[in-house]
Number of protein chains: 2
Amino acid sequence: MKRAERVAALIKILSETPNKAYSLKYFCDLFNAAKSSISEDLQTAKQTLQAVNLGVIQTTPGAGGGVKYIPYISDEACQQLQKELCDKLCDGNRILGGGFLYTSDIMFDSNLVRQVATVFARKFQEKKADYVATIETKGIPVATMTAHMLNLPMIVIRRESKISEGSTLSINYFSGSSDRVQKMSVSKRAVVPGSKAIIIDDFMRAGGSVKGITDILAEFDVEIVGTGIVIAATEPQKKKTDNYCSLIYLGKVDESTKEIEVFGNCQIF
Amino acid sequence: MKRAERVAALIKILSETPNKAYSLKYFCDLFNAAKSSISEDLQTAKQTLQAVNLGVIQTTPGAGGGVKYIPYISDEACQQLQKELCDKLCDGNRILGGGFLYTSDIMFDSNLVRQVATVFARKFQEKKADYVATIETKGIPVATMTAHMLNLPMIVIRRESKISEGSTLSINYFSGSSDRVQKMSVSKRAVVPGSKAIIIDDFMRAGGSVKGITDILAEFDVEIVGTGIVIAATEPQKKKTDNYCSLIYLGKVDESTKEIEVFGNCQIF
């Protein structure tokens, strides 16, 4: 293989599995090339990604070291994504009554959630989490993409305990949105006690779900090291949880004029 | 930018958004380069991906044309993935009773479901589908990744109709697994009538869910052009649906000896 081809293949392989460390030897064997050549190729690969602002190739020296790709989204690209989401969200036809908005088209758009996930991956890259945790249903796609970018397994908390989950641990929690007690349940096999998790969810009003997830995982001594929400309502101001970051804020929803107040979180990083 | 850097950046950008067509002009502007240079770069990019068997760059000429990346998994890589899944699945500790296996660790492993999704993307690339459809919950990650690879929106069918889904259409269907009538519901906004969909799900026993999804989408005149299942049970042999392809077959599960019969579908392509 020629130089240009090796560099391109390196970037393709590394970026396909973000945050997964490969040894230099892996690429030496794959390309049948000397370590010195691969090192030079990696240097070019790094510069390339830097030039187009599409992620970072990180080399960790030493025995346990290796080379891996770390996803990145620039501040400008993030602002552009926020603008795109706000433009979509402020459409008055989304209003469902009771202050609810229809957002499934956004949360089930794989290209949009991939970009949102890149924001969360950048935000939580350094948190040394073991899991991405979410609760069914609408947050699962963005959690899946975030888990992919951080190379982490997911904990998907269920509303009802299912036979296919084996032994489960359940809690009752108070949902601020629906103003009633709800249940959530997690498979005991899904969690290694004492680990760290990032919570990812599609929407937060009062923060009852996030508090519930925090509480149920606390039963396994799991520490929450970050919470990423796609859309957070500005009201109520007082949430059941403090430490969260949302990509978009949802303000007043006026059912009569069909006006929706929505804006990006400019302090996300 | 140098040649090698442009080629690598091209591959990175194209493969980040599979099946999305870019104009040649887009790259000319991005790299500030002539069309002839970009055409040469694309040629190198194509050869590179071919050499490492990691997808195809396709150029469509003409006004509506453009260049796009098409994901690919080789027969060998698919067999290796099937072997990896079988090795994981045949662990006797997965047996939950009633013939059920614990599979959430697999279905919520973003790296594994990404590879499974590449198989389905290769399988259904030419089907001209408009949607990837699934039913909550465990099939959502693999459906998300498949939708990402095919650049399609998802239809996520719910068990219960939710206020956040707006007007919904519901059906009752007979689930062979649980031997009872269940309900599924889909948001009317989620589906454009007369379109085509691929069904992706994590598990099939008798095929009741897939038949249910087919029926509920038929209410919108949606044609099912393919069905991809991660794990299909060999029993019952007679399913409620015919046209499906599964990556893995699950045979006898012996609760007393803890033996699990599991094998890859060698005719998936």
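Because the structure is predicted, anything quoted here is derived from the model rather than measured. (Residues numbered from 1 in each chain as written. Chains lettered and ligands numbered in written order. Predicted model: local features only at pLDDT ≥ 70, side-chain atom pairs only at ≥ 80, totals over all residues. Heavy atoms only, no water.)

**So, the sheet that holds strand 12 (residues 259-264) of chain B**
Residue and element names in this part refer to chain B.
- A sheet is described by the order of its strands in space; here 6 strands give the open sequence 6-5-9-10-11-12, paired in mixed fashion. Since the sheet does not close on itself, it has two edges, and those belong to strand 6 (154-157) and strand 12, each with one partner. When strand polarity is set aside, the average angle formed by the axes of neighbouring strands in this sheet is 20°.
- Relative to strand 11 (residues 245-254), strand 10 (residues 223-233) runs parallel, the two being bridged by 5 bridges. Each residue of the ladder has a partner; that of Ile 229, found in strand 11, is Ser 246.
- Contacts from helix 8 (residues 208-218) reach strand 5 (131-135), strand 6, strand 9 (196-204) and strand 10, with the element oriented near 160° to strand 9. (Pairing = 2+ DSSP bridges. Helix = DSSP H or I, 4+ residues; strand = E, 2+ residues; numbered from the N terminus. Axes fitted to C-alpha atoms, helices over the stretch in contact; angles between N-to-C directions. Contact = heavy atoms within 4.5 Å.)

**Side note on the environment of Thr 17 of chain B**
- If you trace the backbone, Thr 17 of chain B turns up in the loop between helix 1 (3-16) and helix 2 (24-31).
- Judged by relative accessible area, which is 7%, Thr 17 of chain B ranks as buried.
- Considered as a pair, Thr 17 of chain B and Asp 87 of chain B are 70 residues apart in the sequence and their alpha carbons are 31 Å apart.
- When neighbours within four sequence positions are excluded, Thr 17 of chain B is seen to be in contact with Asn 111 and Arg 114 of chain A together with Tyr 22 of chain B. (Buried < 20%, exposed > 50% of the residue type's maximum accessible area, 1.4 Å probe, protein only.)

**Section: helix 3 (residues 35-52) of chain A**
- When the terminal C-alpha atoms of helix 3 of chain A are compared, their 26 Å separation across 18 residues agrees well with the 26 Å that a helix rising 1.5 Å per residue should span.
- Ile 38, Asp 41, Leu 42, Thr 44, Ala 45, Thr 48, Leu 49 and Val 52 of chain A are the residues of helix 3 of chain A that are buried. Angular distribution of buried residues about the axis of helix 3 of chain A spans 165°; they occupy a single face of the element. Exposed residues on helix 3 of chain A whose side chains face more than 90 degrees from its buried face are Gln 50 and Ala 51 of chain A.
- Against helix 1 (3-16), helix 2 (24-31), strand 1 (56-60) and strand 2 (66-70) of chain A together with helix 1 and helix 2 of chain B lie the buried residues of helix 3 of chain A.
- Directly beyond the C-terminal end of helix 3 of chain A, a positive phi value near 60° is found at Asn 53 of chain A. (Expected span 1.5 Å × (residues − 1). Arc of directions from axis to C-beta.)

**Quick look at the sheet that holds strand 11 (residues 245-254) of chain A**
Residues and elements named next belong to chain A.
- Ordered by their spatial adjacency, 6 strands build an open sheet running 6-5-9-10-11-12, and the pairing between neighbours is mixed. This sheet does not close on itself; its edge strands, each paired only once, are strand 6 (154-157) and strand 12 (259-264). Neighbour-to-neighbour, the strand axes of the sheet open up by a mean angle of 20°, direction not taken into account.
- Where strand 5 (residues 131-135) meets strand 6, 4 bridges bridge the pair, whose relative direction is parallel. By the bridge assignment, Val 132 is partnered in strand 6 with Met 154.

**Describing the interface of chain B and chain A**
- Across the contact, 54 residues belong to chain B and 54 residues belong to chain A.
- Between chain B and chain A, roughly 4,700 Å² of surface is buried when both sides are summed, and carbon and sulfur atoms account for 66% of that area.
- Put simply, the parts of the chain that give the side of chain B that touches chain A at least two residues each are helix 1, helix 3 (35-52), strand 3 (95-97), strand 4 (100-101), helix 6 (110-124), helix 7 (140-150) and strand 6 of chain B.
- At 10 residues, the largest contribution of residues to the side of chain B that touches chain A is made by helix 1 of chain B.
- Looking at side-chain class alone, the side of chain B that touches chain A contains 29 nonpolar, 15 polar and 10 charged residues. (Buried area = accessible area lost by both parts, 1.4 Å probe. Nonpolar A, V, L, I, M, F, W, Y, C, P; charged D, E, K, R; others polar.)

**A look at the relation of the copies chain B and chain A**
- Once turned by 180° and shifted 0.0 Å along the axis, chain B lies on chain A with an RMSD of 0.0 Å. Considering both components of the superposition, the chain copies are consistent with a two-fold axis.
- The overlap is high: 100% of the interface residues of chain B also sit at the interface in chain A, so the same surface is used on both sides. (Least-squares fit on C-alpha atoms with pLDDT ≥ 70 in both.)

**Topic: the UniProt feature "domain: Bacterial purine repressor N-terminal" (unreviewed entry) in chain A**
- Taking the numbering used here, the UniProt-annotated feature "domain: Bacterial purine repressor N-terminal" (unreviewed entry) corresponds to residues 2-71 of chain A.
- End C-alpha to end C-alpha, residues 2-71 of chain A measures 26 Å, and it is 57% helix and 14% strand. (UniProt positions renumbered as here; feature names shortened; annotations may be inferred.)

**Quick look at the pattern of salt bridges**
All names here are of chain B.
- Under the definition given, this model contains 20 salt bridges over all chains.
- Between Lys 25 and Asp 29 there is a salt bridge, and its shortest N-O distance comes to 2.8 Å. Separated by 4 residues within a single helix, Lys 25 and Asp 29 lie in helix 2, roughly one turn from each other. Like Lys 25, the residue Asp 29 is exposed in the burial classification.
- Here Arg 158 ties to Glu 136 by a salt bridge, and the two come within 3.3 Å at their closest N and O atoms. Highlighted residues: Arg 158 in the loop between strand 6 and strand 7 (168-175) and Glu 136 in the loop between strand 5 and helix 7, separated in sequence by 22 residues. (Salt bridge = Lys/Arg side-chain N within 4 Å of Asp/Glu carboxyl O.)

**Section: the side chain of Arg 94 of chain A**
Residues and elements named next belong to chain A.
- Relative to the helices and strands, Arg 94 is located in the loop between helix 4 (75-89) and strand 3 (95-97).
- Of the residues examined, Arg 94 reaches a relative accessible area of 7% and is grouped as buried.
- A polar side-chain atom of Arg 94 sits 2.6 Å from the main-chain carbonyl oxygen of Tyr 102. (Polar contact = N/O pair within 3.5 Å; in protein donor to acceptor, adjacent residues only side chain to side chain.)

**Description of the packing of helix 4 (residues 75-89) of chain B against helix 6 of chain B**
Residues and elements named next belong to chain B.
- Where helix 4 meets helix 6, the axes come as close as 11 Å, and the angle between the chain directions of the two elements is 135°. On the basis of the axis angle, helix 4 is oblique to helix 6. Seen from above, helix 4 lies across helix 6 with left-handed handedness. Across from Asp 75, Cys 78, Leu 81, Glu 84, Leu 85 and Lys 88 in helix 4, the residues of helix 6 making contact are Leu 112, Gln 115, Val 116, Val 119 and Arg 122. (Parallel < 35°, antiparallel > 145°, perpendicular 65-115°, else oblique. Left-handed = near helix turned anticlockwise from the far one by under 90°.)

**Quick notes on the packing of aromatic side chains**
Residues and elements named next belong to chain A.
- Per the counting criterion, the structure on display carries 12 aromatic pairs over all chains.
- Measuring from centroid to centroid gives 6.3 Å for Phe 120 and Phe 124, while their planes differ by 25°, and the two rings are stacked. Separated by 4 residues within a single helix, Phe 120 and Phe 124 lie in helix 6 (residues 110-124), roughly one turn from each other.
- With relative accessibility at 0%, the residue Phe 120 sits in the buried group.
- Residue classification places Phe 124 among the buried positions, given a relative accessible area of 4%.
- Taken together, Tyr 22, Tyr 26, Phe 27 and Phe 31 form an aromatic cluster joined through their ring pairs. (Phe/Tyr/Trp six-rings, centres within 6.5 Å; stacked < 30°, edge-to-face > 60°.)

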